[in-house]
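Single-letter residue listing:
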Amino acid sequence: MEISIKEFKGLSKTTMAIENVVLPIDYKKIGNLEYHFYKKPEIRGKLSKDKSRIIGEFEINVFLEEQCSRCLKELHNSYEFQVDGVLVDENLEYEDFESIIIEDEKVNLTQILEIALIENTSIKTLCDEGCKGLCKTCGGNLNLDECICDSEEYDVDPRLEKLKDILK
Ligand SMILES: [Zn+2]
Ligand SMILES: [Zn+2]
């Protein structure tokens, strides 16, 4: 999905709105990270001229299928990411601003999505701030009381039963 900036470059107006676009993507792999979208990503933005440069500002809505990093519960999370940068040809670089690389005077919206995902990979997903995670011994979900390790009903080895009496 690409937006041509050729026409905008020749016009006297200084801004150009990019209407909401739904990217036809359900799945994306970047390096060894995989992203599954339960709803297709949406992107919109604005281009503005600044001296000899064109600056792009984008808002991206991403609907991710994720797992709680503690209890592995499947989650549907939506995020809104912002990607801003100067549009630059591959061989040009500006140091005072993030760069969005363009080719043949076209902005690649899929690339903007990739930038947004890469910049936000450090997000740790939890089903709940207070998620208790999984029991390290039995693997039971501690939120659902699936773990019996510390429970009274847990079958105590008869040999240990005596020890319990001594400790009373
Ligand atoms: Zn959890
Ligand atoms: Zn347990």
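Residues numbered from 1 in each chain as written. Chains lettered and ligands numbered in written order. Predicted model: local features only at pLDDT ≥ 70, side-chain atom pairs only at ≥ 80, totals over all residues. Heavy atoms only, no water.

An unreviewed UniProt entry lists the protein under the name DUF177 domain-containing protein, with Acetoanaerobium pronyense as the source organism.

Caption draft 1: Summary view of the layout of surface pockets. Considered as a void within the structure, the largest pocket measures approximately 400 Å³ in volume. At the level of secondary structure, the elements contributing two or more residues to the lining of the largest pocket comprise β4 (33–50), β5 (53–67) and β6 (74–89). Residues belonging to the lining of the largest pocket are distributed by class as follows: seven nonpolar, six polar and four charged. (1 Å grid on protein atoms, 1.4 Å probe; cavity = no way out; pocket = protein on both sides within 12 Å on 5 of 7 lines; lining within 4 Å. Points joined across faces, edges and corners; volume = space filled by probe spheres on them. Helix = DSSP H or I, 4+ residues; strand = E, 2+ residues; numbered from the N terminus. Nonpolar A, V, L, I, M, F, W, Y, C, P; charged D, E, K, R; others polar.)

Caption draft 2: Representation of the pattern of salt bridges within the structure. Per the stated rule, a full pass over the model turns up six salt bridges. Here Glu-57 ties to Lys-46 by a salt bridge, and the two come within 3.9 Å at their closest N and O atoms. Of the two residues, Glu-57 sits in strand β5 while Lys-46 sits in strand β4, which places them 11 residues apart along the sequence. A relative accessible area of 37% places Lys-46 in the partly exposed class. Across the pair Arg-53 and Asp-50 runs a salt bridge, and its minimum N-O distance is 2.8 Å. Its relative accessible area of 24% is what places Asp-50 among the partly exposed residues. (Salt bridge = Lys/Arg side-chain N within 4 Å of Asp/Glu carboxyl O. Buried < 20%, exposed > 50% of the residue type's maximum accessible area, 1.4 Å probe, protein only.)

Caption draft 3: Local environment of the coordination of the zinc ion (ligand 1). Taken together, the protein donors to the zinc ion (ligand 1) comprise Cys-68 (SG), Cys-71 (SG), Cys-127 (SG) and Cys-131 (SG), at separations of 2.3 Å. Around the zinc ion (ligand 1), the four donor atoms sit at angles spanning 105 to 112°, and that spread fits a shape best called tetrahedral. We note that the donor set of the zinc ion (ligand 1) lies within a single chain, spaced as C-x2-C-x55-C-x3-C. Here the residue Cys-71 occupies a position in the loop between β5 and β6, and Cys-127 occupies one in the loop between α2 (109–119) and α3 (158–167), the gap between them amounting to 56 residues. What makes Cys-71 buried here is its relative accessible area of 7%. Of the residues examined, Cys-127 reaches a relative accessible area of 27% and is grouped as partly exposed. (Donors = N, O, S within 2.8 Å, 3.2 Å for Na, K, Ca; no water. Tetrahedral: all angles 85-135°; square planar, octahedral: opposite > 155°, others 65-115°.)

Caption draft 4: Quick peek at the pairing of β4. Direction of pairing for strand β2 (residues 15–22) relative to β4: antiparallel, over a ladder of six bridges. Paired with Ile-18 across the strands is Gly-45, a residue of β4. Relative to β4, strand β3 (residues 27–30) is paired through four bridges, and the arrangement is antiparallel. Pairing of Tyr-27 across the sheet is with His-36, part of β4. Connecting β3 to the antiparallel partner β4 that follows it, the hairpin turn spans two residues, and Gly-31 within it adopts a positive phi of roughly 60°. Sheet topology places β4 next to β5; 12 bridges connect them, and they run antiparallel. Directly across from Asp-50, in β5, lies its bridge partner Arg-53. Hairpin connection, β4 to β5: the antiparallel pair is bridged by two residues, and Lys-51 has positive phi, about 55°. (Pairing = 2+ DSSP bridges.)

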